[in-house]
Each structure stands twice: as C-alpha cells, then as structure tokens.
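As a plain string of letters, each chain reads:
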Amino acid sequence: MDLRSELLKSIWYGFTALDLERSGKVSKSQLKVLSHNLCTVLCIPHDPVALEDHFRDDDDGPVSSQGYMPYLNKYILDKVVEGSFIKENVDELCWTLTAKKNYRTDKSSCSVVPERDAFRLWCLFNFLSEDKYPLVMVPDEVEYLLKKICMAMSIEFNCVELEDFLSQDTVQQSGITVWGFLDLMNSGKITRGIEKDIISMAIEEVYREIVGDVLKEGYLWKKGQLRRNWKERWFTLRPSNLSYYTGEDRKDCQGNIVLDENCCVEVLPDRDGKRCMFCLKTLSKTYEMSASDTKQRQEWTAAIQTAIRLSIEGKNSLHKDLKLKRREQREQREKRRQAKEEELQRLRALQEERERKLAELELLKEAQKQAQVLLEQDEQRRRQQHEQLQQALEVQLREAEEARVSMQAEMALKEEEAQRQRKRIQELEEMQKRLEEALQQEIKARMDEEAFRLAQAGLLAEEEDKMKALMSLQEEQEEYILKTQREKQELKQEMETKSRALEEAQRQLEEVRANRHRVDQDVVAAQRKLRQASTNVKHWNVQMNRLMRPIGPGEKRPSLGSSFSPFQVPSQRDPGLRLIRRSEPDEESKENVDSRAHSEKHSNGDMDCP
C-alpha cells in the first residue's frame, strides 16, 4: 500500500463527513476549505486560482467524490513529497472532521475509549482495512488487531466476544466498519476489568508498532565512541534506521544509525563488567551495546536483522509486508475453499451420474425380462405352429420346408439380438464396478480428511498447551527479574555504605600518615640539633680542658702569635670552675662523657710530661 492510498483513506472519511445528507455529494465551499486545509498539513503551496477554476461559481449543485477526485489527484496528491510532512497531522485533520459527526458516545460511561485512543484505533483500522470503498475490515484483520492489543496488555484474547460480534447480520453482509469496531471497543467486552491507563499504553504501543513502523524499542546500554564509557539509552528500531535517546520520552535524540546492506549484527562475549553484549557494524563505525538478559539480546539482534533485510529489499514497513502476506493467505484459502466446493460438486455430479447409470441398468434389466417373456411366448407359439405343421406335413411338405427355413433364419436373428443384449449387460456391470471403485475412493478421501482434521485439532490443542506453558514461564521469569532487581538494589546500597566507610578509613589513614611524616621530620630535626649540641659540647670540653691544664715548671710561655691569650689558670678549688661543672647538662650522652674523659686523659698526660 503506497502513500497515496493511505492518504486517500483518511481523505475519504473527511469527504464523507462533509456529506451531511448522505447523498454522495458535498458543497463546493466545504470542498474549498477541505482542500485548503489539506494543502496546509501536506506542506503544499496553496493555489487559490486553481481552486476557483476547478470549483467555478457557475457550476450548479454540489460536487460528488468522482468529480472531486481529478482535482485532488492533480493539484494535491501529485505534489506530495514523502518525508516533507507529518502524516499524523493529515490523519488528525480528517479524524476531527469525521469524529464530530460519527463518533458520539455516552460520556458518563466508564468504558468509553478516550479521544486520543479512538484516533489511534481509527488510524490502525485505516491501515489494516481493505483497499475498497466504503472502507471495511475483514474479520481476520480484526482478530489480528485485537490479539495485538491484548498481547500488549498481557491478557488472553477472548474469542467468544468477537464471534458474537461477527455473527451479526450487518457485519456478515457489509463487513466491519470503523464505527462498529469502536463501538466494540467502547462496549468493554474485550477490555473488561482492565484499567484505562493500561489500555491507552497498549493502544499506543500497537499504534507505534504498526502505523509508526517501530519494530522494537527499549532500554540498552551503549558504549561511547570517544570516551568509551557505558550509558543507558532508549533505542527505537525502524526498518531504515536505529535511533537512541536519553529517555523513553524520545525528546533528546543522541544519534541515528542508518541501516543498509553493509550493516551486520554480531554477538559479543561478556567483558568490561557487561553481559549479553552484541555489536552493530556499519561501514564507518561499530556500535557496542548490552541488553538486560539473553532473551532481550536475541530479540534485539533478530529485530535488527529483520530491519536490515527490509532495507535490502527496499521495504519501508514490516506490517505492510505482513498485511500483504495475510491477504495472499486469505486469497489462497478462498481458492482452496472454492476448489474444494468444485470437487464436492464434481463428486455430486459423479454420484448423480452413477445413480443415472444404475437407473439405466434397472431399465435394461426390465427390458431383458420383457424380452425373455416375449422369447418364451414366441417359443410356445413356434411349438404350436410346429405341431400344426407336423399335422400338415404330409399334405404340404414343401410349405413345411419353407416354413422351417424361415423359422431358422428368425431364430438366428433372435440369437444375435440375445448376444447383443448380453454384451450390453456386461458393459453395464463393468461400469457399475468402476462407479463402486470411485465411491470407495471418495469414502477413503473423506476418512483421510477426517483424520487430518483430528490431527490438526490435536496440534492446535498441543500449541495451546505450549502457549500456556510459555506464558507461565514468562511470568516466572518476570518474578525472577523483579527479585533480582530488588537484590541488586540492596547490594548497591550495601556497596555504597562500604564505599563510604572505606573512604573514611582512607582519609583517616592519610591523616595518620601525614602526622607520622611530621613527627619523623621533628625527630630528624631533634636528632640534628642533638648532634650539633654534642659537637658543640665536645668542642667546648676540649677548649675548657686545655684552659684548665696547669703550667709546669720551665714551660715556656706561649708566644704572642699564639691563638690563645694569656690568662690565669684557676685552681682546683676555684668556685668558678665548680660553677662551670655544675652547669653542664644532665642529658649529656655517653659518647660525650667518654670523649671528655679521653680528652682529660690526654691533658693529664701532657701535664705529666717534663
């Protein structure tokens, strides 16, 4: 289905909404307004001259849809450029026109579909409806759409309500219209007991999937191209591209990956603390991504491969392709049904032919019986004649001989007639056998068909059991995912607590190291001062010992050039000496004491020398 057909479906609703009298015609002034609005939403330059020329005031009466189509095709649809406008705006314009007239519901009812959801259902109906006017949807497509909505709501589809709706006479005669479909949704039979928010979310999801051509969307972890860090992004996959946003509101687009025949998807092993990884390779870049679990990775890789296949085949919509395939399957089923009806008619014709042949056979048997009776009567008559001829033999011998010859010729003719009758009876018996064989083949075919039907019913029951088991497994998986998420949150909180404690301990360790470093520096400074003080003490002890040495007899005075000036050596009882000794520090080390003793020894030795 091309873009023109999609636009014509929406415009058809707008045209019929303006037909207030349901006569198939709309006034020229309303069509001018409709054309002007269509040019606005389709981003086409307005041409008022063309409008005036086409809808001249001297034309009498309103315009029908056939009269409006040439202008619509020439001045509007032929100028439409795909991608230059938003199709949803066109749909909203036509929906606004048709909803005011046709979509009227009881606002006090709690099961009324909201205006926005009704618009989306209207768009879905237009997409899946047949390309014939008035627009209707076949029951198979209605069931497909309702199953998609129920699957999005995670509920089981109720086929009984749909069968009751499809059994109505109006639906069987003219098909399902969009207003009948919306009445079905508003009745609450399909969505009984479901909250409105869940229904709205399900309708929006199906609308984005079918009308918006969204193959799959959801959160994935993506590795950056420059900083190489991992960030969580909301991905939206379409047949031609893969876009990713900062959030699921899709307001801030972070990138767009164009899909073509040069793209491919590969599954990667776990690394960098990420699991369920895969990559999308293009000619210029390789995008690494990580899914939440293996199932999501498989779904994403399969969806991306489908998008690449559609791009290679030149198809811009998966559901358009699926719709065409479903239509072909319906046509094939219709052909098989017609072929089966023709086969049944042929079998009925064969049965009628067999019955006719049996009737002819009965007629031939009856004719044979009558011929036998006639033959017996003729035989009896011949006997009587023979007796009469025997009685008249002697009188009329020649006449008897002639009568005998004529009688033999007649007997030969009768024998030939009997042979022909027997041959005809044999042919009828052979035909009866062939008819019986055909009947046996028909019975066998019916039995094979019944066996196939039973096998099909068994397969359907097995498929239903497997579907139920799959649903239960899916529920268990969802429960496990929730449990895992809770445990992950608790573990994350515990890790944050331990991280804070570790940071506090590291800070205290740094402070202790800094204090220790300062203490070490103070110790080194104290040791340096102590060594300096010891050196000074040694020096002054030596000087003091030299000053305290007494001058011996005959010892020369030191010359004036000596470094020591003359002074009087105090006596041992000099109180100044005792004062100096008392003032020595008590904290003198053992090394200083030993040095002083050694100096004193040498000084005493010098004093003992003559």
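Residues numbered from 1 in each chain as written. Predicted model: local features only at pLDDT ≥ 70, side-chain atom pairs only at ≥ 80, totals over all residues. Heavy atoms only, no water.

Engineer: Give a detailed account of the overall build of the protein, specifying residues and quantitative values.
Structural biologist: Scanning the protein for helices and strands turns up 16 helices and 9 strands. Burial analysis of the protein (610 residues in total) assigns 29% to the buried set. Pairs at least 24 residues apart make up 62% of the contacts formed inside the protein by residues separated by at least 6 positions. Surface exposure of the protein reaches about 42,000 Å², of which carbon and sulfur atoms provide 52%. (Helix = DSSP H or I, 4+ residues; strand = E, 2+ residues; numbered from the N terminus. Buried < 20%, exposed > 50% of the residue type's maximum accessible area, 1.4 Å probe, protein only. Contact = heavy atoms within 4.5 Å. Areas by Shrake-Rupley, 256 points an atom, 1.4 Å probe, with all protein chains shown as cover.)

Engineer: Just give me the short version of the packing of aromatic side chains, but keep the residues and values in it.
Structural biologist: By the definition in use, this model includes 14 aromatic pairs. Ring geometry for Trp-95 and Trp-122: centres 5.6 Å apart, planes at 50°, overall tilted. Note that Trp-95 is positioned in helix α5 (residues 87–102) and Trp-122 in helix α6 (residues 115–128), a separation of 27 residues in sequence. Comparing Trp-95 with Trp-122 shows no difference in burial state: the two are buried. Relative to Phe-181, the ring of Phe-125 has its centre 6.3 Å away and its plane inclined at 35°; by these criteria the two rings are tilted. Within this pair, whereas Phe-125 is found in helix α6, its partner Phe-181 is found in helix α10 (residues 178–187), the two being separated by 56 residues in sequence. The class for Phe-125 is buried, based on a relative accessible area of 0%. Through a chain of ring-to-ring contacts, the aromatic side chains of Trp-12, Tyr-13, Trp-95, Tyr-103, Phe-119, Trp-122, Tyr-133 and Trp-179 assemble into a single cluster. Sitting over the ring of Trp-221, Lys-274 keeps its end group 3.7 Å from the ring centre. Lying across the ring of Phe-127, Lys-323 places its NZ or CZ 5.9 Å from the centre. (Phe/Tyr/Trp six-rings, centres within 6.5 Å; stacked < 30°, edge-to-face > 60°. Lys NZ or Arg CZ within 6 Å of the ring centre and 35° of its normal.)

Engineer: Provide a residue-level description of a negative patch on the surface, including the pertinent values.
Structural biologist: Taken together, the side chains of Glu-475, Glu-476, Glu-478 and Glu-479 make up a negatively charged region of the molecular surface. Here Glu-478 shows up in helix α14 (residues 397–548). (Patch = residues over 30% accessible without salt bridge, like charges linked within 9 Å, V, L, I, M, F, W, Y side chains within 5 Å. Salt bridge = Lys/Arg side-chain N within 4 Å of Asp/Glu carboxyl O. Lys, Arg positive; Asp, Glu negative; His and termini not counted. Charge placed at Lys NZ, Arg CZ, Asp CG, Glu CD.)

Engineer: Explain the layout of surface pockets residue by residue, including any values.
Structural biologist: Volume-wise, the second largest pocket comes out at about 990 Å³. Sorting the residues of the lining of the second largest pocket by element identifies α1 (3–18), α5, α6 and α11 (196–210) as the ones contributing at least two each. The leading source of residues in the lining of the second largest pocket is α6, at 5 residues. Residue contributions to the lining of the second largest pocket reach at least three from each of two domains, namely domain 1 (1–86) and domain 2 (216–316). (1 Å grid on protein atoms, 1.4 Å probe; cavity = no way out; pocket = protein on both sides within 12 Å on 5 of 7 lines; lining within 4 Å. Points joined across faces, edges and corners; volume = space filled by probe spheres on them. Domains from an automatic or database assignment.)

Engineer: An account of the environment of Thr-98 is requested, with residue identities and associated values reported.
Structural biologist: Of note, Thr-98 is situated in helix α5. Residues Thr-98 and Phe-15, spaced 83 residues apart in sequence, show a C-alpha to C-alpha distance of 8.5 Å. The contacts of Thr-98, once residues within four sequence positions are left out, are Tyr-13, Ala-17, Tyr-103, Trp-122 and Trp-179.

Engineer: Give me α11: which residues, what numbers.
Structural biologist: Compared with an ideal rise of 1.5 Å per residue, which puts 15 residues at 21 Å, α11 spans 21 Å between its outermost C-alpha atoms and is within 8% of the ideal. Burial in α11 covers these residues: Ile-199, Ser-200, Ala-202, Ile-203, Val-206, Tyr-207, Arg-208 and Ile-210. For α11, the secondary structure elements touched by its buried residues are α5, α6, α7 (139–152), β3 (216–223), β4 (230–237) and α13 (318–391). (Expected span 1.5 Å × (residues − 1).)

Engineer: Describe the sheet that holds β4, and please don't skip the residues or the numbers.
Structural biologist: Read across the sheet, 7 strands follow the order β6-β5-β4-β3-β9-β8-β7 without closing on themselves; strand pairing throughout is antiparallel. This sheet does not close on itself; its edge strands, each paired only once, are β6 (253–258) and β7 (264–268). Across this sheet, the average inter-strand angle for adjacent strands is 35°, counted without regard to direction. Relative to strand β5 (residues 241–245), β4 runs antiparallel, the two being bridged by 4 bridges. Each bridged residue has a counterpart across the sheet, and for Trp-234 the counterpart in β5 is Tyr-245. (Pairing = 2+ DSSP bridges. Axes fitted to C-alpha atoms, helices over the stretch in contact; angles between N-to-C directions.)

Engineer: Explain unusual backbone geometry residue by residue, including any values.
Structural biologist: A negative phi angle characterises most non-glycine residues, just as the trans form characterises most peptide bonds. A cis geometry characterises the amide bond from Tyr-133 onward to Pro-134, with omega recorded as 0°. Here the phi dihedral of Ser-154 falls at roughly 60°; this positive angle occurs in a residue that is not glycine. Mapped onto the secondary structure, Ser-154 falls in the loop between α7 and α8 (159–166). Under the relative-accessibility criterion, Ser-154 is labelled exposed at 60%. Unusually for a residue other than glycine, Cys-276 sits at a positive phi of about 55°. Assignment of secondary structure puts Cys-276 in the loop between β7 and β8 (277–281).

Engineer: Outline the confidence of the model for the protein, supporting the account with residue identities and numerical values.
Structural biologist: For the protein, the average pLDDT comes to 81, and 85% of its residues sit at 70 or higher. Predicted confidence is poor over residues 558–591, with pLDDT under 50, and the contacts of this stretch with residues over four places away or in other chains come to 23 contacts. Considering only residues more than four positions removed or in separate chains, one finds that residues 597–610, a stretch of pLDDT under 50, has 8 contacts. (pLDDT = per-residue confidence, 0-100.)

Engineer: Tell me what's going on with the nonpolar core, and back it up with residues and numbers.
Structural biologist: Membership of the largest hydrophobic core comes to 64 residues, with the highest contact counts inside it found for Tyr-68 and Ile-76. Per-element tally for this core: the top contributor is α6, with 9 residues. Leu-220, Leu-237, Ala-303 and Leu-310 belong to the second largest nonpolar core, which has 23 residues in total. (Core = buried A, V, L, I, M, F, W, Y, C linked by side-chain atoms within 4.5 Å.)

Engineer: A description of empty space enclosed by the protein should follow, citing residues and the corresponding values.
Structural biologist: Taken as a whole, this structure holds 2 cavities of 30 Å³ or more when the rule is applied. Every residue lining the second largest cavity is listed: Lys-357, Leu-358, Leu-361, Leu-428, Met-431, Gln-432 and Leu-435. If you tally residues by element for the lining of the second largest cavity, the top one is α14, at 4 residues. Considering only residue class, the lining of the second largest cavity consists of 5 nonpolar, 1 polar and 1 charged. (Nonpolar A, V, L, I, M, F, W, Y, C, P; charged D, E, K, R; others polar.)

Engineer: I'd like to hear about the pairing of β8, residue by residue, with values.
Structural biologist: Of all 5 residues making up β8, 4 are buried, and the element is well covered by its neighbours. Strand direction decides the pairing type here: β7 and β8, joined by 5 bridges, are antiparallel. Each residue of the ladder has a partner; that of Val-265, found in β8, is Leu-280. Bridge count between β8 and strand β9 (residues 286–290): 5 bridges; the pairing is antiparallel. Pairing of Leu-280 across the sheet is with Tyr-287, part of β9. Linking β8 to β9, which pair antiparallel, is a turn of 4 residues.

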